[in-house]
Amino acid sequence: MGNEYGGRSNARIDALTDKRDGTDSEREGDASAQWLLQPRGGPKVRGPRNFDLSIRKGIQLAEYAHVLGEDAGPLKQLFPDEPARLWGATPVKKQSHPKATALRGQKVGDEVLFYAEREFVAKARVLALLRNPDLARAIWGQMEDGRTWEYIMALGDVVEFKIPAAPILQALALGNEVRYLTLVRAAERRRHIGLLEGLVGANATTVSRPASGFSEKVPLGRQKLLRILGTLNKGVDEEARTRHAALLMLWSISRLVSGQGRLAPWDVVETEVGPLLLEFGGPGRATSLELSLRHLLGSRLWEADGAEGRMPDSALVMPSTGSQITAGLRPEVAGPLKQPLTRAEAVGLLCITYFQDADQGALLERLGLSGYAHASGNLGEDADVEDREDQAAGSRARRRVNSLRPDRDPRLVEEVKSIYRHQCQVCGERLETRFGLYSEAAHIQGLGNPHDGPDRLSNLLCLCPNHHVQFDRLFLFVDTEWNVRKSRDAELISPLIRHPDHAIDEKFIEYHRGLCGRSGYGLDVD
């Protein structure tokens, strides 16, 4: 059979051989991921049986060694000590058919949504794509016309659930059912991912793989990491443990930012984190580093190494101060947190979830993360706000400070104000002064460290002074549908006013939203 559809030959596999959850460490995968709507098939084509066989239970590669061919090596790299989770699709004759388009357009890192009986029943990330009719025939047999499910996807952890398909299909304008493999492009997936996760809610069950030395080094997916960070209190009776675990995570992130190692000697952890627990751990709560460490070990976010190797996660006996134990983030957790967007999202999520009643600015300053308390970063307010303060200062004494800061192009500032004729994009007001209309240009992803956003028109908003301050102080965020909401409770304020001559880049909005602790608003991460 030729390579007419899907762009893959029989003897070639396209795979992420070192990223088992399908994420891309540079692009973080999720932003460019597409949806593949995949019918499971009914009893007539052995759909339920095949799903149980090759998804729930998984395929033992050794049993199919005689038909793996050149796919054997890459598949064994992906699944070294465990069953391989595989699913296939049959070819189609017409290249114009939507299924042929999906076979050509699918790629590693995409998310598969399994469909059965008017419901979506599972999802998984694509780790590899291959075309192997011999393997497909050995696993699933063939249809009456001789076709087999030769376009094979190797999948990461499978999350099972049952949700009605109609809301998602209607939102995507795809009719009432999924009859064949259907591709949903990345932009559409980003628009509707919140709808999916909202429907899935807490009803998901992960078909997980057994731990192996290989899998422990694989970076967590961005959304999966945020979901874990946003639910640290799940199953924990003592609220203090949740806050203390969150403090340890923020402290860990601060080490990454400052260039320190992810692991630290236990006496360093005690010395640096102990005072933070006393100050920010919550009123009336006893401090307990040991319990917090146990919690993070159980959540698979941290690891602890002793003089004789890895400490058991479930039977950790805490030693006395000065012992030879080191503890800190697991490599698969530290990897994503080195990415600027994921790190900003994690800091924002931890703050808004666990420290709403604390002085977050003081906490972040103590940790060396003060730039994450402000949309403009360590520069503080943008130049417009500084100008306003200068005007308000009147005759007060001023002192000159020499510092390095990115240059702002005043032409871009004037252009965004001109486009909106000084109308605030949040409230719609035009502020009149004796000398004319007044507004301020706010960078969405701040120019200052650690945000390092660009000085572009697509990274600017035109705001009144009040909403500029609230935007910079992370009181407001813009959701995936361009609505302005309050960060603390997602209360709707108003739709963001947009002008056709002003193309706002969604990636900057996404960054600011993450900084507010509302990453991908609509996802079940909090």
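The structure we're discussing is the one just above.
Thresholds, definitions, all that
- Residues numbered from 1 in each chain as written.
- Predicted model: local features only at pLDDT ≥ 70, side-chain atom pairs only at ≥ 80, totals over all residues.
- Heavy atoms only, no water.
- Buried < 20%, exposed > 50% of the residue type's maximum accessible area, 1.4 Å probe, protein only.
- Helix = DSSP H or I, 4+ residues; strand = E, 2+ residues; numbered from the N terminus.
- Pairing = 2+ DSSP bridges.
- Core = buried A, V, L, I, M, F, W, Y, C linked by side-chain atoms within 4.5 Å.
- Contact = heavy atoms within 4.5 Å.
- Axes fitted to C-alpha atoms, helices over the stretch in contact; angles between N-to-C directions.
- Polar contact = N/O pair within 3.5 Å; in protein donor to acceptor, adjacent residues only side chain to side chain.
- Salt bridge = Lys/Arg side-chain N within 4 Å of Asp/Glu carboxyl O.
- Parallel < 35°, antiparallel > 145°, perpendicular 65-115°, else oblique.
- Left-handed = near helix turned anticlockwise from the far one by under 90°.
- Nonpolar A, V, L, I, M, F, W, Y, C, P; charged D, E, K, R; others polar.
- Expected span 1.5 Å × (residues − 1).
- Bend = angle between axes of the 7 residues up to and from the residue.

Caption draft 1: Looking closely at the pairing of strand β4 (residues 111-116). The element β4 is largely enclosed, with a buried count of six among its six residues. The pairing of strand β2 (residues 35-39) with β4 spans five bridges and is classified as parallel. In the sheet register, Trp 35 faces β4, and the bridge partner there is Glu 111. Here β4 pairs with strand β5 (residues 119-131) via six bridges, running antiparallel. Each bridged residue has a counterpart across the sheet, and for Tyr 115 the counterpart in β5 is Phe 120. Hairpin connection, β4 to β5: the antiparallel pair is bridged by two residues, and Glu 117 has positive phi, about 55°.

Caption draft 2: Main features of the nonpolar core. One finds Met 249, Leu 301, Trp 302, Leu 337 and Leu 350 to be the most contacted residues of the largest nonpolar core, which totals 54 residues. Here the element with the most residues in this core is helix α9 (residues 239-257); it accounts for nine residues. Excluding its chain neighbours within four sequence positions, the residues that come into contact with Trp 302 are Leu 248, Met 249, Trp 251, Ser 252, Leu 293, Leu 296, Leu 297, Ala 327, Gly 328, Leu 329 and Arg 330.

Caption draft 3: Up close: the sheet that holds strand β20 (residues 492-495). Spatially, β18-β19-β20 is the arrangement adopted by the three strands of the open sheet, whose pairing is antiparallel. Of all the strands in the sheet, the pair left with one neighbour each is β18 (476-478) and β20. This sheet shows a mean twist of 25° between the axes of neighbouring strands, independent of strand direction. As paired elements, β18 and strand β19 (residues 483-486) share three bridges and run antiparallel to each other. Along β19, the bridge assignment pairs Val 478 with Val 484.

Caption draft 4: Layout of helix α18 (residues 506-515). Within α18, eight of the ten residues are buried, which leaves it mostly tucked inside the rest of the structure. Among all positions in α18, only Phe 508, Ile 509, Glu 510, Tyr 511, His 512, Arg 513, Gly 514 and Leu 515 are buried. Buried residues along α18 sit in contact with α8 (222-230), α13 (340-354), α17 (465-472) and β18. Among the residues of α18, the N-terminal cap falls to Asp 505, whose side-chain oxygen and the backbone nitrogen of Lys 507 are separated by 3.0 Å. Two residues or fewer after α18 comes Gly 517, characterised by a positive phi angle close to 80°.

Caption draft 5: How the structure looks around the pattern of salt bridges. Counted under the stated rule, the structure contains 20 salt bridges. A salt bridge links Arg 56 to Asp 52, with the nearest nitrogen and oxygen atoms 3.7 Å apart. Note that Arg 56 and Asp 52 are positioned in helix α1 (residues 47-57) at a spacing of four residues, about one turn of the helix. Assessed through its relative accessible area of 39%, Arg 56 is described here as partly exposed. Glu 491 is the salt-bridge partner of Lys 486, the closest N and O atoms lying 3.5 Å from each other. A relative accessible area of 17% places Lys 486 in the buried class. For Glu 491, a relative accessible area of 39% puts it in the partly exposed group. Residues joined in a network through salt bridges with shared partners are Asp 52, Arg 56, Lys 57 and Glu 160.

Caption draft 6: Local environment of the packing of α8 against α13. Closest axis-to-axis distance for the α8/α13 pair is 9 Å, and the angle between their directions is 20°. With respect to their mutual orientation, α8 and α13 come out roughly parallel. By crossing handedness, the relation of α8 to α13 is classed as right-handed. From α8, Arg 222, Leu 225, Leu 226, Leu 229 and Gly 230 reach across to α13, where they touch Leu 341, Thr 342, Glu 345, Ala 346, Leu 349, Leu 350, Thr 353 and Tyr 354. When its residues are assigned to classes, the contact of α8 with α13 shows eight nonpolar, three polar and two charged.

Caption draft 7: Up close: helix α10 (residues 266-280). Taking 1.5 Å per residue, 15 residues should reach 21 Å; α10 reaches 20 Å between its end C-alpha atoms and fits that length. At Val 273, α10 shows its largest kink, close to 35°, and the proline Pro 275 lies no more than four residues downstream. Considered for burial, the residues of α10 that qualify are Trp 266, Val 269, Val 273, Gly 274, Leu 276, Leu 277 and Phe 280.

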